[in-house]
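Listed here are the chains, written in short residue letters.
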Amino acid sequence: AQSVTQLGSHVSVSEGALVLLRCNYSSSVPPYLFWYVQYPNQGLQLLLKYTSAATLVKGINGFEAEFKKSETSFHLTKPSAHMSDAAEYFCAVTRGDTDKLIFGTGTRLQVFP
Amino acid sequence: GAGVSQTPSNKVTEKGKYVELRCDPISGHTALYWYRQSLGQGPEFLIYFQGTGAADDSGLPNDRFFAVRPEGSVSTLKIQRTERGDSAVYLCASSSTGGSSPLHFGNGTRLTVT
């Protein structure tokens, strides 16, 4: 069965600093991988997705993630954090159209001025 | 067009009662998902529909939980004999085709069992 592990339930950075949120996956077949974001009092929304095209995926709000098969990782990065990036971030994996999407436990990002 | 709509937004019920939670997906989306999210946790998969049929119901915790989607659009999650441990936010999401297409989430129904 597929699964994702998010290392670090809380990450704190200063405004302008690099953001790195870690995600490792486990899948018996080539996976589709996603990052979703949940802002306070809002629903989950898609940040970016990997579907076996380019290994470096660019998403909204300056975020990007790199698929590394050798490390079974799909870490999320942003070069310079903004206060508005404070939210909960979820990594998710699926095997494809006939399969369910499985989420990690989430990482709460705090951004300090 | 409208997004995914979930009603009610909040539901308080007594232990042992029956509840129904409704989800209106985005028009034309064939895939519909139910998740449960407890405080500080990620969304926990419950059930996934393709059209009218449940493609995967492996996440339903026990036989008190049941979901239907009779016409391939609106879905209802039904919980019998509610327990305090059922308290959580129940999320519904839809997507155009299924697993590899992005999910569009509703704002959830917060269920509190007293």
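Residues numbered from 1 in each chain as written. Chains lettered and ligands numbered in written order. Predicted model: local features only at pLDDT ≥ 70, side-chain atom pairs only at ≥ 80, totals over all residues. Heavy atoms only, no water.

### A look at the layout of surface pockets
Gaps left between atoms are located by rolling a probe of water-molecule size over the structure's atoms. In plain terms, the rule: In this analysis the probe radius is 1.4 Å and the grid spacing 1 Å, with only protein atoms considered; a cavity is a set of points the probe fits into but cannot get out of, a pocket is an open set with protein on both sides within 12 Å along at least five of seven lines, and lining residues have an atom within 4 Å of a point. Grid points are joined across faces, edges and corners, and a volume is the space filled by probe spheres set on the points. Under the scheme applied, nonpolar residues are Ala, Val, Leu, Ile, Met, Phe, Trp, Tyr, Cys and Pro; charged residues are Asp, Glu, Lys and Arg; polar residues are all the others, including Gly.
Here the largest pocket defines a volume of roughly 590 Å³. Gln38 of chain A together with Gln37, Leu39, Val89 and Arg110 of chain B are, among the 24 residues lining the largest pocket, the residues nearest its centre. In terms of residue class, the lining of the largest pocket is built from 8 nonpolar, 13 polar and 3 charged.

### A short note on the side chain of Ser94 of chain B
All names here are of chain B. Here is the rule we go by: Only DSSP runs of H or I with at least four residues qualify as helices, and only runs of E with at least two residues qualify as strands; both kinds are numbered from the N terminus onward. Side-chain atoms alone can form a polar contact between residues adjacent in sequence; in general such a contact is a pair of N or O atoms within 3.5 Å, and within protein one must be able to donate a hydrogen while the other accepts it. The contact criterion used is simple: two residues touch if any of their non-hydrogen atoms lie within 4.5 Å.
When you line up the elements, Ser94 lands in strand S9 (residues 88-95). Within polar-contact distance, the side chain of Ser94 engages the backbone nitrogen of Ile26 at 3.4 Å. One polar contact links Ser94 to His29, side chain to side chain, over a distance of 2.8 Å. Each residue touching Ser94, except ones within four places of it in the same chain, is listed here: Val4, Pro25, Ile26, His29, Ala31, Leu32, Pro102, Leu103 and His104.

### Points about the interface of chain B and chain A
Spelled out, the test is: We define a salt bridge as a side-chain nitrogen of Lys or Arg found within 4 Å of a carboxyl oxygen belonging to Asp or Glu.
Across the boundary between the two partners, chain B contributes 23 residues, which contact 22 residues of chain A. Taken together, the links from chain B to chain A amount to 1 salt bridge. With a closest N to O distance of 2.9 Å, Asp56 of chain B and Lys100 of chain A form a salt bridge. The interface formed by chain B and chain A holds 4 residue pairs in polar contact (both at pLDDT 80 or more) in total. For the side of chain B that touches chain A, the elements supplying multiple residues, two or more each, are strand S4 (31-37) and strand S5 (44-50) of chain B. Within the side of chain B that touches chain A, the residues separate by chemical class into 9 nonpolar, 13 polar and 1 charged.

### Here we look at the pairing of strand S7 (residues 65-68) of chain B
For a regular strand, side chains alternate in direction, first toward one face of the sheet and then toward the other. All names here are of chain B. Note the threshold: Categorising residues by exposure relies on relative accessible area from a 1.4 Å probe, with only protein chains included: less than 20% of the type maximum marks a residue as buried, more than 50% marks it as exposed, and the intermediate range marks it as partly exposed. Strands are treated as partners if at least two bridges between them are detected by DSSP.
The alternating pattern of S7 places Phe65 and Ala67 on a buried face, while none of Phe66 and Val68, on the opposite face, is buried. Looking at chain direction, S7 and strand S8 (residues 75-79) are connected through 4 bridges and run antiparallel. Residue pairing across strands places Phe65 opposite Ile79, the latter belonging to S8. The turn joining S7 and S8, which pair antiparallel and follow one another in sequence, is formed by 6 residues; a positive phi near 75° is taken by Gly72.

### Describing the state of the cysteines
The following threshold applies: By disulfide we mean two sulfur atoms from cysteines, separated by a distance within 2.5 Å.
Evaluated as defined, the whole model comprises 2 disulfides over all chains. The disulfide partner of Cys23 of chain A is Cys91 of chain A, and the S-S distance across this bridge is 2.0 Å. Its torsion about the S-S bond being -65°, the disulfide of Cys23 of chain A and Cys91 of chain A is classed as left-handed. Placement of the pair is Cys23 of chain A in the loop between strand S3 (19-21) and strand S4 (24-26) and Cys91 of chain A in strand S10 (residues 87-94), with a sequence separation of 68 residues. A single burial state applies to Cys23 of chain A and to Cys91 of chain A, both of which are buried. Paired through a disulfide, Cys23 of chain B and Cys92 of chain B show a sulfur-sulfur distance of 1.9 Å. Across the S-S bond linking Cys23 of chain B and Cys92 of chain B, the dihedral sits near -70°, which makes this disulfide left-handed. Taken together, the positions of Cys23 of chain B in strand S3 (residues 19-24) and Cys92 of chain B in strand S9 put the pair 69 residues apart, joining distant regions of the chain.

### Comments concerning the sheet that holds S8 of chain B
Residue and element names in this part refer to chain B. Stated formally: Between N-to-C directions, angles span 0 to 180 degrees; the directions come from axes that are lines fitted to C-alpha atoms, helices contributing only their stretch in contact.
Pairing in this open sheet of 4 strands is antiparallel, and the strands run S1-S3-S8-S7 from one edge to the other. In this open sheet, the two edge strands, each paired with only one partner strand, are strand S1 (5-7) and S7. Strand-to-strand, the axes of this sheet are offset by a mean angle of 15°, without reference to chain direction.

### A closer look at the packing of aromatic side chains
Cut-off, in case you're wondering: Think of it this way: a Phe, Tyr or Trp ring, Trp meaning its six-membered ring, pairs with another when their centres are within 6.5 Å, and the plane angle makes it stacked under 30 degrees, edge-to-face over 60, tilted otherwise.
In this structure the tally under the stated criterion is 14 aromatic pairs over all chains. Consider the rings of Phe103 of chain A and Tyr35 of chain B, whose centres lie 5.3 Å apart with planes at 85°: the pair is edge-to-face. Here the residue Phe103 of chain A occupies a position in strand S11 (residues 102-103), and Tyr35 of chain B occupies one in strand S4, the pair thus bridging two chains. Overall, the relative accessible area of 9% leaves Phe103 of chain A in the buried class. Among the aromatic residues, those joined into a ring-pair cluster are Phe34, Tyr36, Phe90 and Phe103 of chain A together with Tyr33, Tyr35, Phe45, Tyr48 and Phe105 of chain B.

### With respect to the pattern of salt bridges
All names here are of chain B. Here the structure, examined in full by the defined rule, presents 8 salt bridges over all chains. As a salt-bridge pair, Arg22 and Asp24 come within 2.9 Å of each other at their nearest N and O atoms. Classification of Arg22 by relative accessible area gives partly exposed; the value is 37%. Judged by relative accessible area, which is 25%, Asp24 ranks as partly exposed. One salt bridge in this structure joins Arg64 and Asp86, with 2.8 Å as the shortest N-O distance. Taken together, the residues span a long stretch of sequence, with Arg64 in the loop between strand S6 (53-56) and S7 and Asp86 in the loop between S8 and S9 at a distance of 22 residues.

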